[in-house]
Amino acid sequence: MSATTHDLPEQGVAAAVRSYIGRTRGGDVGALPAVLSLIVLAAVFTVLRPSTFTNAFNFSNLLHQGAAVIVIAMGLVFVLLLGEIDLSAGFTAGTSAAVMGVVLTNHGWPWYASVLACILTGAVIGTCIGALVARLGIPSFVVTLAAFLGLQGVLLKLVGEGGTVPIRNDILLAINNDNMPVWAGWVLWAVVVGGFAVLSVRRAIRRRSHGLQAEDLSLVVAKSLVLAVLLGAATYFLSIERSRNPEVSSIKGVPQVVLVLLVLLVVLSFVLSRTSFGRHVYAVGGNAEAARRAGINVRRVKLICFVIGSSLAAIGGILIASRNNSISPNTGAADTLLYAVGAAVIGGTSLFGGKGRVLDAILGGLVIAVIINGMGLLNKPSSTVYMVTGFVLLVAASVDALSRRRAASTGNV
Amino acid sequence: MAQPIVELTDIVKSFGPVSVLKGVSLKVYPGKITALVGDNGAGKSTLIKGLAGVQPYDSGTVRFENNVVTLHNPREATALGIEVVYQDLALCDNLDIVHNLFLGREVTKNGQLDEDTMERRATETLAALSVRTVKSIRQHVASLSGGQRQTVAIARSVIWNSRVVILDEPTAALGVAQTEQVLKLVRRLADQGLAVVLISHNLNDVFEVADQVSVLYLGKIAAQLAVKDVTRNQVVELITSGRSGAQDLAPVGDTSASNEETATS
Ligand SMILES: Nc1ncnc2c1ncn2[C@@H]1O[C@H](COP(=O)(O)OP(=O)(O)OP(=O)(O)O)[C@@H](O)[C@H]1O
Ligand SMILES: [Mg+2]
């Protein structure tokens, strides 16, 4: 063992960069494809539509458009980590949102009870799917394909053929339409950057005191600075007045939905990387038999992952309903699911199981949102948007498969 | 001899119409290496999977320190201190060495994984086993060589206070030097007072480190003997025919073939 107490190599900036390059070349590409495509796509659309693509209104629009897909993708990460798939996530979002709309608008329930009913609906759907997959051992592809059809019917039943259920509650409408005050956006920025820096420093100090290899202070500072600049630029951009006539109504500040995304990111990342359950999810996805022999209750882990996945899909449904002011038979239909799967995979979550992070959903979701948004600005017909998105998803899946092959040959799974 | 720590009596196990174990009895002693040998498909792996709680027996009794125990799942076995290093290595390629060592038994503090403690104990355990070939304990298991993976699997079985360690062909895929290392490791475990069961097709290994040898033949134990009392040829005979020419050997083996039908019915 080289990792004895005295010759611990400190992880400085240079060492970190070198190890990152090494990992990337070994096939562990991580978030690189998502970040690169974000940069390239943003550059292309900026050149093609310099004024409209880059203006602040469009940027916030992009976040609102992408939020639901991102949340659904976060749930899919849990399912994909197992090496399973949930094709019904889109209609789970739609059906759960419809339940919320019906009890809220038609039965006059308070908004929080309606939200609870929505998430519970998702959890119940997830329990059914999870039980069929984990207990009976039916391939998740088949179970969720059946759920995809069935839930489409349930949604139609709830909303009525050609009907819509309007959402009139101010709080629910605010979630994916309104912005925080400008000062709150900056407070959020400070909390995120400060929290990241403090936690990193504390971790490094603790590890060093335990005689373990730790990040060098310079590395922590560098990472925090990059984060501060990136998020700072975004916050600044979103703080610009984007109303056409500010005297009538002012539109500025970070969208409230960003807070929802951040809270979900932190909580779910904690679950995956800091708890035994999270570790078991990776183990089941990596080698289910090994996990079973290690005494892990594989069925329970699978069931819980499907419940988490569908519950998050339900939350995604709330965001769609909020954005559209209503629920229709098309809520969560058509491309929603493919966009969500695409988001997770483009972000770096493997379709083969055992590899992925919650952050992937956000990065990949932003890529998807930029494509949809940019193509919209170019006035491309839906046909082109579908083809381009399908192509991007294929590219992402190919990167996944190729990096997996490369990783297998260099032993970096 | 001292009391056996594990005693199996009349273990029966079949897969549908195929009866694999037809009344197996085996004693395992602390501080000793008991070799379990037998031809391919004799049922060695099946026997130890039952002891690990991975694949329960159909009938028979398992005594642990003279108490009858039932082993329905891996947790019940590990709670007694029974650990198995499987033939098909049960490691997760997508996790690093530390994560694999503590898989299913993660150390937590306030509900959070205590990575520091796990990493420290992993380092200590590997050091105690004199493992020096691993570059970093934070590397993924996929990037390890066969011998290194075997070492991780063995370390995994001793990181908790285990009493009985069962190794299913730990040297099958290894080169000469790595075999030597693993055997030394196994001997060290026994010298520390653990009961070790070593499954192997390599009689060199058996005669090099084992104290006792049990021969499994057609679903029964043909003989359980002290290694110093037998010759290699006698063991080979027992493996291939269930009996040995020597008069004083194989009282069990003599009856195995003729009693087969009564045992399975
Ligand atoms: N899950 C199973 N289902 C059906 N038959 C099985 C199963 N597991 C093992 N067997 C059968 O039981 C018999 C004993 O298998 P086992 O793996 O215990 O042999 P072994 O002694 O470990 O052999 P080897 O030396 O090749 O590892 C074989 O005939 C095998 O085909
Ligand atoms: Mg075997």
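Draft legend 1. Spotlight on the overall build of chain A. For chain A, the helix and strand inventory stands at 17 helices and two strands. Computed over C-alpha atoms, the radius of gyration of chain A comes to 22 Å, within 12% of the 22 Å expected from 2.2 N^0.38 for 413 residues, which places it in the range of a compact globule. Residues classed as buried in chain A amount to 49% of the 413 residues present. Partitioning the contacts of chain A with sequence separation of at least 6, the portion at a separation of at least 24 is 78%. Roughly 18,800 Å² of accessible area belongs to chain A as shown, and the carbon and sulfur atoms make up 68% of that amount. Averaged over its 30 positive side-chain charges, chain A has a centre that lies 6 Å from the centre of its 16 negative ones.

Draft legend 2. View of the overall build of chain B. When its secondary structure is counted, chain B shows 10 helices and 12 strands. Against the 2.2 N^0.38 benchmark of 18 Å for 265 residues, chain B shows a C-alpha radius of gyration of 19 Å, consistent with a compact globule. In terms of overall dimensions, chain B has C-alpha extents of about 60 × 35 × 35 Å along its principal axes. Going through the 265 residues of chain B one by one, you find that 56% of them count as buried. Per element, the accessible surface of chain B, about 11,200 Å² overall, is 48% carbon and sulfur.

Draft legend 3. Fine view of the pairing of strand 12 (residues 220–226) of chain B. When you tally the buried positions in strand 12 of chain B, you get six out of seven residues, the bulk of the element. The antiparallel hairpin formed by strand 11 (residues 212–217) of chain B and strand 12 of chain B contains two residues in its connecting segment, where B:L218 sits at a positive phi of about 50 degrees.

Draft legend 4. Local environment of the side chain of A:S114. Residue and element names in this part refer to chain A. With respect to the secondary-structure elements, S114 resides in helix 6 (residues 111–134). Under the relative-accessibility criterion, S114 is labelled buried at 0%. Here the side chain of S114 touches P110 through a polar contact of 2.8 Å, landing on its backbone oxygen. With residues near it in sequence (within four places) discarded, S114 still touches M100, V103, L104 and W109.

Draft legend 5. Fine view of the site of ligand 1. Residue and element names in this part refer to chain B. Near ligand 1 lie 13 residues; those nearest to it are N40, K44, S45, T46 and H201. Taking S45, its side chain carries an N or O atom lying 2.7 Å from an oxygen atom of ligand 1. Between ligand 1 and T46 there is a distance of 2.5 Å, counted from an oxygen atom to a side-chain nitrogen or oxygen. Expressed as a share of its isolated accessible area of 630 Å², the protein-covered part of ligand 1 is 61%. Of the residues in the shell around ligand 1, the class split is three nonpolar, seven polar and three charged.

Draft legend 6. Expanded view of the environment of B:Y86. Mapped onto the fold, B:Y86 is located in the loop between strand 6 (82–85) and helix 3 (97–101). Classification of B:Y86 as buried rests on a relative accessible area of 7%. Sequence separation of B:Y86 and B:P170 is 84 residues, and the distance between their C-alpha atoms is 7.9 Å. Those residues within four positions of B:Y86 in sequence are excluded, and the remaining contacts are A:R293, B:K49, B:A52, B:V54 and B:D168.

Draft legend 7. Seen up close, the sheet that holds strand 5 (residues 67–69) of chain B. Residue and element names in this part refer to chain B. The strand order 2-1-4-5 describes an open sheet built from four strands, whose pairing is antiparallel. Strands with a single pairing partner mark the edges of an open sheet, and in this sheet they are strand 2 (18–28) and strand 5. Each strand axis lies, on average, 30 degrees off the axis of its neighbour in the sheet, ignoring direction. Pairing between strand 4 (residues 59–64) and strand 5: three bridges, direction antiparallel.

Draft legend 8. Quick look at the nonpolar core. One finds A:M74, A:I327, B:L8, B:L47 and B:L51 to be the most contacted residues of the largest nonpolar core, which totals 133 residues. A per-element tally of this core places helix 4 (residues 56–81) of chain A first, with 15 residues. Among residues more than four places away in sequence, those in contact with B:L51 are B:V6, B:L8, B:Y57, B:V62, B:L71, B:A77, B:I82 and B:I166. Among the nonpolar cores identified, the runner-up in size contains 53 residues, and B:V98, B:V134, B:I154 and B:L203 belong to it.

Draft legend 9. Representation of unusual backbone geometry in the model. Despite not being glycine, A:N325 has its phi angle at roughly 60 degrees, a positive value. Following the sequence through the fold, A:N325 ends up in the loop between helix 14 (298–324) and strand 2 (326–327). According to the relative accessible area criterion, A:N325 is partly exposed, its value standing at 41%. Its identity as a non-glycine residue notwithstanding, B:N66 has a phi of 75 degrees, on the positive side. Locating B:N66 in the fold gives a position in the loop between strand 4 and strand 5.

Draft legend 10. Broad picture of helix 10 (residues 217–239) of chain A. End to end, helix 10 of chain A covers 32 Å across 23 residues, agreeing with the expected 33 Å (1.5 Å per residue, within 8%). For helix 10 of chain A, the elements touching its buried residues are helix 1 (13–25), helix 4 and helix 9 (182–209) of chain A.

Draft legend 11. Region of the structure containing the sheet that holds strand 10 (residues 195–199) of chain B. Residues and elements named next belong to chain B. Strands sit in the order 6-9-10-3-11-12 across an open sheet of six strands; the sheet is mixed. Edge positions in the open sheet fall to strand 6 and strand 12, since each of these has one partner strand only. Direction aside, the axes of adjacent strands within the sheet are offset by 15 degrees on average. One ladder, built from four bridges, connects strand 3 (residues 33–37) with strand 11; its direction is parallel. Residue T34 lies in a different strand from strand 11, and its bridge partner there is Q212. Sheet contacts for helix 8 (residues 232–241): strand 3, strand 11 and strand 12; angle to strand 11, the most-contacted strand, approximately 25 degrees.

Draft legend 12. Just the pattern of salt bridges, in detail. Taken as a whole and assessed by the stated rule, the structure comprises 19 salt bridges over all chains. For the salt bridge of B:E119 with A:R207, the shortest nitrogen-to-oxygen distance reads 3.0 Å. Here the residue B:E119 occupies a position in helix 4 (residues 115–128), and A:R207 occupies one in helix 9, the pair thus bridging two chains. Classification of B:E119 as buried rests on a relative accessible area of 5%. Among the ionic pairs, B:K228 bridges to B:D229, the shortest N-O distance being 3.9 Å. Take B:K228 and B:D229: they sit in the same class, and that class is exposed. A cluster of three or more residues bridged by salt bridges with shared partners is formed by A:R206, A:R207, A:R279, B:D96, B:E115, B:D116, B:E119 and B:R138.

Basis of the calculations
Residues numbered from 1 in each chain as written. Chains lettered and ligands numbered in written order. Predicted model: local features only at pLDDT ≥ 70, side-chain atom pairs only at ≥ 80, totals over all residues. Heavy atoms only, no water. Helix = DSSP H or I, 4+ residues; strand = E, 2+ residues; numbered from the N terminus. Rg over C-alpha atoms; globule rule 2.2 N^0.38 Å. Buried < 20%, exposed > 50% of the residue type's maximum accessible area, 1.4 Å probe, protein only. Contact = heavy atoms within 4.5 Å. Areas by Shrake-Rupley, 256 points an atom, 1.4 Å probe, with all protein chains shown as cover. Lys, Arg positive; Asp, Glu negative; His and termini not counted. Charge placed at Lys NZ, Arg CZ, Asp CG, Glu CD. Pairing = 2+ DSSP bridges. Polar contact = N/O pair within 3.5 Å; in protein donor to acceptor, adjacent residues only side chain to side chain. Near = heavy atom within 4 Å. Nonpolar A, V, L, I, M, F, W, Y, C, P; charged D, E, K, R; others polar. Axes fitted to C-alpha atoms, helices over the stretch in contact; angles between N-to-C directions. Core = buried A, V, L, I, M, F, W, Y, C linked by side-chain atoms within 4.5 Å. Expected span 1.5 Å × (residues − 1). Salt bridge = Lys/Arg side-chain N within 4 Å of Asp/Glu carboxyl O.

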